[in-house]
Amino acid sequence: MFHQPMTFEHALDLRSELGTDATVINGGTDVVVAMNHGAIKPTTFIDVSRIKALRGIEKQNGHLIMGAGVTFADLGKMHFRALREASLSVGGPAIRNMGTIGGNIATASPAGDGCVALLAMNAEVQLSSKARGDRWMPLVDYFIDYRKTALADDELIKAVRVHNNPRSRWYKIGKRGAVNISLVCCAISQNENNKTELAFGCVGPIPKVAPKASALLTGETLTPELIDDVANLVTHEVAPIDDQRGTATYRRAMCSTLTKRLLTQLMEDAPKGDADA
Amino acid sequence: MIQQVTTTESDQTLDAPIAPADHLVGKSCRRVDGQEKVTGAALYGADLFPNSAELFASVVRSEHAHANIVSIDATQALEVAGILGVYTHADVGGTNIHGLIRRDHPALASKRVRYFGDSIAVVVAKTERAAKLGRDKVAVTYEPLPVIATMEQAIAEGACKLYPEGNVMGDKRIRKGDVERALADSHVVVSDTFFTQTVDHAFLDIEAGTGHWDGQVLTLYVAGQWVHEERRLIALALGLPVEQIRIIQPVTGGAFGGREDISIQIYLGLAALKHQGKTIALRYTRSESMRARHKRHALKIESTFGANADGMLTAAKIVVYSDEGAYASTGIAVMRKAASHATGPYCVPNVEVDVYGVHTNNNPTGAMRGFGACQMAIAYEGMMDRVARALDMDRETFRRKNLIQSGDTVTTGQRIDPVSVGLCLTKAIQKFKDQPYPGSDHLPAHIKRGWGMSAICFGLGYGDGFPDCSRARVELSDSGIATVYTGGVEVGQGLLNAMMQIAGEELGLPFESMRIVAADTELTDESGSSSATRQTYFTGNAVRMAASELREQVLDIAGIKLKVHPHEITLQHGWAYETSNSNNRVRMEKICTEGLTRGYSLKATALFKPRTIVEIPNTGQSPRAFITYLFGAHVSQVLVNIETGEVKVERHIAAHDVGKAVNPQSVEGQIVGGVAQGLGMALMEEVTYRDGRIMNPGLTDYIIPTIKDLPPVEAIIVEHDDPGGPFGAHGVGEPPLIGAVPAILSAIYDATGKAPCELPMSPERTWRLINEVCENDPLSKVF
Ligand SMILES: Cc1cc2nc3c(=O)[nH]c(=O)nc-3n(C[C@H](O)[C@H](O)[C@H](O)COP(=O)(O)OP(=O)(O)OC[C@H]3O[C@@H](n4cnc5c(N)ncnc54)[C@H](O)[C@@H]3O)c2cc1C
């Protein structure tokens, strides 16, 4: 059965009715791959890609709110630097045209580039159900364990929001120039109060923040010494593993390298004002 | 496969002047198979399914890298709805064995499996889904044996033996001069060890095809690289006379050596024989394709080179260990090619090479573009950079001092003339220096730019005394259309066009008057394999010889019509005319109709079979190990991020002497493609195993380059007539890949000051090299 609701309310109805019996699908760039590999064998779908309300991007009270169905191609045109660059690093043009930010968050892969950029920007995610309505929660609380999230069986992701436009930087190391799965990626953002957040991809079971490093940075002006300290500290905050893509040794070292590089960029670019907008 | 140029209405009325001489050789005639490929009309193996498949087959594969088979139980599989049969070794009528050089690979394993992709049974069902369900229900009981995962394990004392003779499959050696003494007397002696990785062909057109048995003939539509040899192997395995097997090559999307070994042919044949009158279809998924197919050999190359103070090479001592995987495949020939190319296009007076092939429980390793010569170029070019540095000498100057010149000998003792490697190097470097890269010179401190070079040679054909030959037939019809018949397979490289252009050139016909029939064992004669960069040279020569024979008939008939001596006639653009009076002329159609009424056959066949000479086993010396040698030189420029190890190739120049470019656009295509594949090998491609199981059997984690990784490749076509080739042509298939890899590594060396010796130079490996990090080294898991 392939349900194709045109409204979010209808989708929530179906979701509460069918629960885990139905597979939610949007761009399908994760779902179809999993089907091909035989990892999932869905029989019923709720296709949310026709719901216009999920595809909007709007500004509201200093927040930027992005519908769950916003594609990486859309995000690639935005002013939020880390998110834009992360989005443009996803797959190739075809994947960016189909893949959505909601799908990326729902999949919750430790290599999810969108997740990492949003985490560093202190994003919040909005989950909705027919029974309990909408709830906003910090994205950092949403990721629980490997591919385990706070999303309940009757819920859908409705939107994700970021406060203001923090200064942000992004870097992803992969093995090639496109359709490039992260070996390690790092995002950093700094808001107007000098609150700085760091997030990493592929360094543990979930997209990972580095709270101790953030704490060390909070309220401080960036200096080379401080940056070195933070770059050292992050290696203790991440827990990468060896896999056939790369070793823990390399990934850990790269967390430090990227932290240093991105923070240095923020520091050096500071006088240039909102050059990163 | 039959291909014909779509004819446009002829503008050649009787009074019109004859079109100017249209030399087909040297012209980028549009690909005869181009339109159907770009429009999607071409039928590749899997495209045959919708119209013809009646039943589907699927293959049961080993779940162990090394085990004895205790029992095979199909009871449950046969209960699956739609299953029509499960066939094992007991159902195979012939030897049940294949293998291009050694017959050692069971089509369906009976007693023992030696790698994770070994096949055990073939399931036939009404639908593809049922066939796969049935496949998963075949219960095989194994008695696991110790898995030999690395070469080191294979040669360790007391190691479990894959074969009664042990795990060393064979060896090859070169002995020339007195290496120990020359090294002792050298001014510098440099040693290093290179590790090249296991590489997959990753052609896009995954193995797929159909088989049909009508009670008389088994017809297989399966892409291979040498349909006539495949027919012999299938016949032996299935116990059929070759006459009862017909192989027709469907349109094929890439091969790169990956279709040289038998793939799905025997399974399809077996299934078809069991289901007379039904067309059986079988296709792999990408992961099954990677799991089943042979790979490029991973080599460990221990190199020591010596040079005197003037920068002349004195000696080379090279020991190579080659991971042969579970079965021989073409490994013996790859080892020999590795040995004979161990010192590349350099004069080295004293040489000692030992190549050992070692069996493991990894996938069999065999043919892939470069065929052993590719790995050796990584080592010898790497050594040229190292020795130059040890001598504090410029890399180019050092190479030039030692490159062979026309009349010099390579390491096998074969004298080569002409030699154009120096010319290729000059052209590549000139282009690099004269047209500087437009990129910015202001690089951040963590980005380093470097450039490197390579100079390579490649012995064309099978060589070494193997009876390498091609046959061809050319026919003219009464409408003046010439048809070329060749057993050679078009795998994307442009063979069809090359053969049509050669025949057309010889017959003075426009490309529109050409037709070709290729790779159908019923309709065409044997033309050897599309491998070893040999088709342009071998089949090209056979086609030219046949066309030339046919030309004599045409001239003879034209002479009668024009009332002049045949020697005074010119064939041009579909006309024959008196050379000194072009008004006295006749069209090809007329000549052909006249000829047929006069009893001319208008057909000619030819065999091209030049001899090579088998090497002396203990020394590897042979005055003619290969029929001819090809040369090339590359320059590559890279950016290296020294903090992360990421490498970006900014610019790549490739100069290749192709003798004569029959179709320059195709030649350029081969060069660009070879560089792309070489870039993949240099920087990203790597099959990773854990205990014999491939950890990345798909294009998600087997990383091949994208358009974003490839700089615009600057191809330089050098044309230095090959006296033995058709119109001076020889070939271009493999050398571009061989040249690309060492040039990129040389550039990384230049950028970082550290000499790479492990492949691929992924970000992590490059970072480890720069920072000298050995802890938790991924390499330790492979070698
Ligand atoms: C070739 C290729 C390259 C890729 N490259 C990258 C890359 O570089 N970086 C990267 O991060 N990812 C990459 N991906 C993964 C994928 O594109 C992203 O994760 C994408 O964001 C998924 O979005 P989608 O809309 O296609 O999700 P779908 O496949 O439709 O769904 C993914 C998951 O999300 C759930 N879902 C979708 N929408 C909702 C919703 N509104 N509410 C609740 N659950 C929902 C689905 O049930 C499913 O579990 C790649 C994929 C492919 C095939």
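What counts, and where the lines are drawn
- Residues numbered from 1 in each chain as written.
- Chains lettered and ligands numbered in written order.
- Predicted model: local features only at pLDDT ≥ 70, side-chain atom pairs only at ≥ 80, totals over all residues.
- Helix = DSSP H or I, 4+ residues; strand = E, 2+ residues; numbered from the N terminus.
- Buried ≥ 20, exposed ≤ 12 C-beta atoms within 10 Å, placed from the backbone.
- Contact = placed C-beta atoms within 7 Å.
- Nonpolar A, V, L, I, M, F, W, Y, C, P; charged D, E, K, R; others polar.
- Expected span 1.5 Å × (residues − 1).
- Pairing = 2+ DSSP bridges.
- Right-handed = clockwise from strand over helix to strand, strands pointing away.
- Axes fitted to C-alpha atoms, helices over the stretch in contact; angles between N-to-C directions.
- Domains from an automatic or database assignment.
- Parallel < 35°, antiparallel > 145°, perpendicular 65-115°, else oblique.
- Core = buried A, V, L, I, M, F, W, Y, C linked by C-beta atoms within 7 Å.

**Student:** How should I be thinking about the overall build of chain A in this particular structure?
**Tutor:** Along the backbone of chain A there are 11 helices and 14 strands. Relative to its 277 residues, chain A shows a buried fraction of 47%. By sequence separation, contacts in chain A at least 24 residues apart represent 63% of the contacts at least 6 residues apart.

**Student:** Looking at this structure, I do not really get the interface of chain A and chain B. What am I missing?
**Tutor:** Size of an interface, as often reported, equals the accessible area lost when the parts are brought together. On the chain B side, the residues contacting the 18 residues of chain A number 21 residues. If one sorts the elements of the side of chain A that touches chain B by residue count, helix α11 (residues 248-269) of chain A sits on top with six residues. Classifying every residue of the side of chain A that touches chain B gives seven nonpolar, six polar and five charged.

**Student:** How should helix α7 (residues 227-238) of chain B be read in this particular structure?
**Tutor:** For an α-helix, the turn length of 3.6 residues means that residues three or four places apart are oriented alike. Its 12 residues give α7(B) an end-to-end C-alpha distance of 16 Å, which sits within 8% of 16 Å, the value for a rise of 1.5 Å per residue. Looking at the packing, one finds that the buried side of α7(B) touches β5 (97-98), β14 (245-248) and α8 (265-274) of chain B.

**Student:** Help me out: how do you make sense of the pairing of strand β3 (residues 44-47) of chain A in this one?
**Tutor:** The side chains of a regular strand alternate, first on one face of the sheet and then on the other. Residue and element names in this part refer to chain A. Examined bridge by bridge, strand β1 (residues 2-3) and β3 share two bridges and lie parallel to one another. Paired with phenylalanine 2 across the strands is phenylalanine 45, a residue of β3. Once you follow strand β2 (residues 22-25) into helix α2 (residues 31-36) and on to β3, the crossover reads as right-handed.

**Student:** Just checking my understanding: could you explain the sheet that holds strand β31 (residues 713-718) of chain B for this structure?
**Tutor:** Whenever strands of a sheet pair, they do so through backbone hydrogen bonds, lying parallel or antiparallel. Residues and elements named next belong to chain B. Ordered in space as β19-β27-β28-β31, the four strands form an open sheet in which the pairing is mixed. Where the open sheet ends on each side, the last strands, each with one partner, are β19 (447-459) and β31. On average, each strand axis in the sheet is tilted by 15° relative to the strand beside it, whichever way the strands run. The strands that helix α13 (residues 421-434) touches are β19, β27 (629-641), β28 (647-657) and β31; relative to β27, the one it contacts most, it runs at about 30°.

**Student:** Which parts of the structure should I look at to understand the domain arrangement of chain B?
**Tutor:** Residues and elements named next belong to chain B. If you check the domain split of chain B, you get domain 1 (2-42 + 469-608) and domain 2 (403-461 + 626-783). Between domain 1 and domain 2, the contact holds 20 residues from the first and 23 residues from the second. Secondary structure elements with two or more residues in the side of domain 1 that touches domain 2: α14 (495-507) and α15 (535-562). Residue composition of the side of domain 1 that touches domain 2, grouped by class: seven nonpolar, 10 polar and three charged.

**Student:** Would you explain the packing of α15(B) against helix α16 (residues 588-597) of chain B in this entry?
**Tutor:** Each pair of packed helices can be described by the angle between their axes along with the distance between the axes. All names here are of chain B. Across the interface, α15 lies against α16 with an axial gap of 9 Å and an inter-helix angle of 95°. Here α16 runs roughly perpendicular to α15, going by the angle between their axes. The segment α15 lies against α16, with Gln553, Val554, Ile557, Ala558 and Lys561 engaging Lys590, Ile591, Glu594 and Gly595. Split by residue class, the contact of α15 with α16 holds four nonpolar, two polar and three charged.

**Student:** Looking at this structure, how should I read the nonpolar core?
**Tutor:** Ranked by internal contacts, the top residues of the largest apolar core, which has 240 residues, are B:Ala57, B:Val122, B:Val123, B:Ala503 and B:Ile744. With 13 residues, the top contributor of residues to this core is α15(B). Here this core spans two domains, and each of domain 1 (2-42 + 469-608) and domain 2 (403-461 + 626-783) of chain B adds at least three residues to it. Contact partners of B:Ala503, with chain neighbours within four places excluded, come to B:Val474, B:Ala482, B:Val484, B:Met514, B:Val543 and B:Ala547. Counting 76 residues, the second-largest nonpolar core is a separate cluster that includes A:Leu119, A:Ala123, A:Cys186 and B:Leu769.

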